[in-house]
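# Working through the structure, step by step
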Amino acid sequence: MTTPNRIILDKYLRHNKKFPHIWCPGCGIGIVLAALLRAIDRTGWTKDEIVLVSGIGCSSRAPVYVDFNTLHTAHGRALPFATGIKAARPPLKVIVFTGDGDCAAIGGNHLIHACRRNIDITTVVVNNYIYGMTGGQQSPTTPEGMKATTATRGVIDQPFHIAELAASAGATFAARSTTYHAKELESFILKGLEHKGFSLVEAISQAPVCFGRRNGMGDPVEMVKREKELAIPISKTAGMTFEEKKDKIVTGIIEEREAQEWTDLYAGVKKTAGEE
Amino acid sequence: MKKKNGQLLQGNEAVVEGALYAGCSFYAGYPITPSTEIAEVLSVKLPERGGTFIQMEDEIASIGACLGASLAGAKSMTATSGPGFSLMQELIGYGVISEIPMVLVNVMRFGPSTGLPTSPSQGDVMQARWGTHGDHPIIVLTADSVPETFEMTVKAFNFSEKYRIPVILLLDEVVGHMREKITIPAEGEVKVVDRLKPEMPPEWYAPYADTNTGVPPMAAFGDGYRHHVTGLVHDAQGFPTAKPEEVVSGMDRLFSKISRGFSEVCITEELYCDDAKTIILSYGAAARSARDAVETMRADGEKVGLIKLKTLWPFPKAALEKYEKSVENIIVAEMNRGQIYREVWRVARGRWQVGKALAPYGNMLTPDMILDVARKVTK
């Protein structure tokens, strides 16, 4: 049965790392990280075979706190590093922990190409709609009309829908949940981890200090309740127009299919090349 | 590998042979003239030897994948040219501060921007030294022929493994594309260095601790030595720190591990320097013309010598300084607007007259162009 968070934290947090963490009070990143740790615990994988890779940003600070092989790369570049690790040493379990800006703006090109390769990496994206570490600038997922320090009159750009973007770029598993639905999130991450191929789980999360505060969204509890209210399972979206879905959070498994995975295919290339 | 006599290879192919000889098992790259042959040949040869080739979406991803592969234990390499080299700059710094070995080949072309993609130039010398942001040490090697390209590629891997630092191999378009006879040494004939691995129990492992060489042993991800790697300034454990004493010791070690190896890393070759009053200093393709010019002047009875740089950075100033008393003039022969000339002028501090023979238009520096300058000086 489910292992309590307390046991999970004791097992996976780095006890030689000086806490506290850098996240603001009420931030959702910890909820997503805990869901990831619970999912990892359910895989039965050892800590030594797991590599947790991140870029730069609030979410990307997560690896330092957990006791795996951990790699905190440059802004947007988690997926290229992760690709190199996985391609060079396929038995390793490679997980990317990233945010909406890191993954979909500066790292957007790497994201679609990692999806296209269908390389066996699981990417967990914390989507809190904002650049938190730099103090609240608009991100590629900030909804239209919302305020950010670089869009004080409201965002005019259309947002990315990261899970759908990944699916259309070739990811063979893509799902979305929220920090309200922490158990569902855990189960999607577990599916992603166990999926052979590129998997992406988008976790809608609250940034009360950098996003909610500027947009009158109340305290962290109210922000999480809002996720519950806006969430609509993908099974109930049939027949809905783009406009009807626009302000909702579509949760569920967006894509799940089987396809040949990159390191498996490359093992075939090596075998053929060696025989020539 | 069997010893093969008299192969006719391109400089870019010699990079491939050198990389494989040194144990390269991972290549990630993006096509760009005039380096593309390196990727093409490795895409064939690496999987034959159990290695991995991957074509990435751009040069940023290419160097990122190489750094990741190196962290997973593979000797890795990428190759590019000017525009791609510009894109790679950020992660060169990542490799330096996180102490990740890898080799980056830049087959230089004329720039800036798209420039003259198939014309020779040595315009990236200062970018190789200072292209990534912040103070940092770097090792930059070069070569003037196909056999020397092989030799310096092996050395690039050896230095990167020994000192845990990305090493840049700066080649000229004409060396990359030129075909020459080369005999690949037999296995074991040339020294190959592998990174030091930790032998202590994992709980004692500190991935960034000081050692008697300044270079800490490096565990690969998956070896049981779980640790943290970051581009933030970090303590001996690899965890981010801003404590002044930890910043000082960490950053100083980053530089001192290289400066302790200067005598090994700074490679030069000399010709007729013992009695020379004038030295022509050159490197890469330009050094071939410089050698020709020196031979011509020697035949005329002029006391002229040649110093050829095979290492550009750290700048091998000791090779010049030993001629402090005997030499009067140094002429720098290079294919740019004087990037190494300025460094020589800085090192000279008035001890020698420093002149220059330059080819800054995507053209090859010819012996005659060097002779024109040198004869005025020796007159």
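Predicted model, so just to flag it, every value in this text is computed and none were measured.

## Quick look at empty space enclosed by the protein
Residues and elements named next belong to chain A. Tallied over the entire structure, the rule returns two cavities of 30 Å³ or more. Taken together, Tyr 129, Ile 204, Ser 205, Gln 206, Phe 211, Met 217, Met 223, Arg 226, Glu 227, Leu 230 and Ile 249 form the lining of the largest cavity. Counting residues per element, the lining of the largest cavity draws most heavily on helix α9 (residues 220-230), which supplies four residues. Taken together, the residues that form the lining of the largest cavity break down as seven nonpolar, two polar and two charged.

## Quick word on the pairing of strand β14 (residues 329-334) of chain B
Residues and elements named next belong to chain B. In terms of residue burial, β14 counts as a mostly covered element, since six of its six residues are buried. Alternating positions in β14 separate into two faces, Asn 329, Ile 331 and Ala 333 on one and Ile 330, Val 332 and Glu 334 on the other, with burial throughout. The pairing of strand β11 (residues 278-283) with β14 spans five bridges and is parallel. Within β14, the residue paired with Ile 280 across the bridge is Ile 331. In this fold, the crossover linking β14 to strand β15 (residues 353-358) by way of helix α12 (residues 339-348) has right-handed handedness.

## Regarding the domain arrangement of chain B
Reports often express the size of an interface as the amount of accessible area lost when the parts come together. Residues and elements named next belong to chain B. The domain architecture assigned to chain B consists of domain 1 (4-184) and domain 2 (270-378). Spacing between the C-alpha centres of domain 1 and domain 2 amounts to 26 Å. Taken together, the 28 residues of domain 1 in the interface contact 24 residues of domain 2. In total, about 2000 Å² of surface goes out of reach between domain 1 and domain 2, with carbon and sulfur atoms giving 56% of it. Looking only at domain 1, the three residues that lose the most surface to domain 2 are Gln 122, Val 125 and Asp 144, adding up to 30% of its buried area. The interface formed by domain 1 and domain 2 holds five salt bridges in total. We note a salt bridge from Glu 148 to Lys 308, for which the minimum N-O separation is 2.5 Å. The tally of links from domain 1 across to domain 2 stands at 16 residue pairs in polar contact (both at pLDDT 80 or more). Listing elements by their share of the side of domain 1 that touches domain 2, those giving two or more residues are α5 (125-130), β6 (139-142), α6 (146-163), β7 (166-172) and α7 (173-177). Looking at which element gives the most residues to the side of domain 1 that touches domain 2, the answer is β6, with four residues. Considering only residue class, the side of domain 1 that touches domain 2 consists of 15 nonpolar, six polar and seven charged.

## A few points about the interface of chain B and chain A
Facing the 43 residues of chain B at the interface are 40 residues of chain A. Here chain B packs against chain A, burying approximately 3300 Å² in sum over the two surfaces, 59% of which is carbon and sulfur. Summed over the shared surface of chain B and chain A, the number is five salt bridges. Across the pair A:Asp48 and B:Arg226 runs a salt bridge whose closest N-O atoms are separated by 2.8 Å. For the pair chain B and chain A, the interface holds 16 residue pairs in polar contact (both at pLDDT 80 or more). Counting residues per element, the side of chain B that touches chain A draws most heavily on helix α3 (residues 59-71) of chain B, at eight residues.

## Let's talk about the nonpolar core
Counting residues in hydrophobic clusters, the biggest one holds 132 residues, and the most contacted among them are A:Val53, A:Phe198, B:Ile38, B:Met77, B:Val105 and B:Ile340. The two domains that each donate at least three residues to this core are domain 1 (4-184) and domain 2 (270-378) of chain B. In this view, B:Ile38 contacts B:Asn12, B:Val15, B:Val16, B:Tyr27, B:Met77, B:Ala79, B:Val105 and B:Val107; residues no more than four positions away in its chain are not counted.

## Here's the deal with the packing of aromatic side chains
This model, assessed by the stated rule, comprises ten aromatic pairs over all chains. The interplanar angle of 40 degrees and the centroid separation of 5.7 Å between the aromatic rings of A:Tyr129 and A:Phe211 together place this pair among those described as tilted. On the criterion of sequence distance, the pair formed by A:Tyr129 in the loop between β4 (121-127) and β5 (130-131) and A:Phe211 in helix α8 (residues 208-212) is long-range, its members being 82 residues apart. In this structure A:Tyr129 comes out as buried when scored by relative accessible area, which is 15%. Ring centres 5.2 Å apart and planes at 75 degrees place the aromatic pair B:Tyr205 and B:Tyr225 in the edge-to-face group. Linking B:Tyr205 in the loop between β8 (179-184) and β9 (228-230) with B:Tyr225 in the loop between β8 and β9, this pair joins segments that are 20 residues apart in sequence. Positioned above the aromatic ring of B:Trp130, the side-chain terminus of B:Arg129 is 3.8 Å from the ring centre.

Rules behind the numbers
Each residue is numbered by its place in its chain's sequence as written, counting from 1. Starting at A for chains and at 1 for ligands, labels are handed out in the order in which the entities are written. Per-residue local features of the predicted model are confined to residues with pLDDT of at least 70, and side-chain atom pairs are confined, for both listing and counting, to 80 or more; whole-chain, interface and lining totals are unaffected and use all residues. Hydrogens are left out, water is left out, and the side-chain values use all remaining heavy atoms of the structure. Here a cavity denotes a set of grid points, spaced 1 Å apart and computed over the protein atoms alone, in which a 1.4 Å probe fits but from which it cannot get out, and a pocket denotes an open set meeting protein on both sides within 12 Å along at least five of seven lines; residues with an atom within 4 Å of a point are reported as lining. Grid points are joined across faces, edges and corners, and a volume is the space filled by probe spheres set on the points. Secondary structure elements follow DSSP: runs of H or I of four or more residues count as helices, runs of E of two or more count as strands, with numbering from the N terminus. Three categories are distinguished: nonpolar for Ala, Val, Leu, Ile, Met, Phe, Trp, Tyr, Cys and Pro, charged for Asp, Glu, Lys and Arg, and polar for the others, with Gly belonging to the last. Exposure classes here rest on a 1.4 Å probe applied to the protein chains alone. A residue is buried below 20% of its type maximum, exposed above 50%, and partly exposed in between. Note on pairing: two strands pair once DSSP finds at least 2 bridges between them. Seen with its strands pointing away from the viewer, a crossover is right-handed when the path leading from the first strand over the helix to the second is clockwise. As annotated, the domain borders come from an automatic or database domain assignment. Every residue pair with non-hydrogen atoms within 4.5 Å of one another is taken to be in contact. As used here, buried area is the combined drop in accessible area, with a 1.4 Å probe, of two parts when they are placed together. Any carboxyl oxygen of Asp or Glu within 4 Å of a side-chain nitrogen of Lys or Arg constitutes a salt bridge here. Pairs of N or O atoms within 3.5 Å make up the polar contacts considered here, provided that, within protein, one atom can donate a hydrogen while the other can accept it, and that residues adjacent in sequence are counted only when both atoms are side-chain atoms. Grouping buried Ala, Val, Leu, Ile, Met, Phe, Trp, Tyr and Cys residues that are joined through side-chain atoms within 4.5 Å yields what is termed a nonpolar core. Aromatic pairing here means that ring centres of Phe, Tyr or Trp (its six-membered ring) are within 6.5 Å. Orientation follows from the plane angle: under 30 degrees is stacked, over 60 is edge-to-face, and everything else is tilted. Criterion for a charge above a ring: Arg CZ or Lys NZ at most 6 Å from the ring centre, at most 35 degrees from the ring normal.

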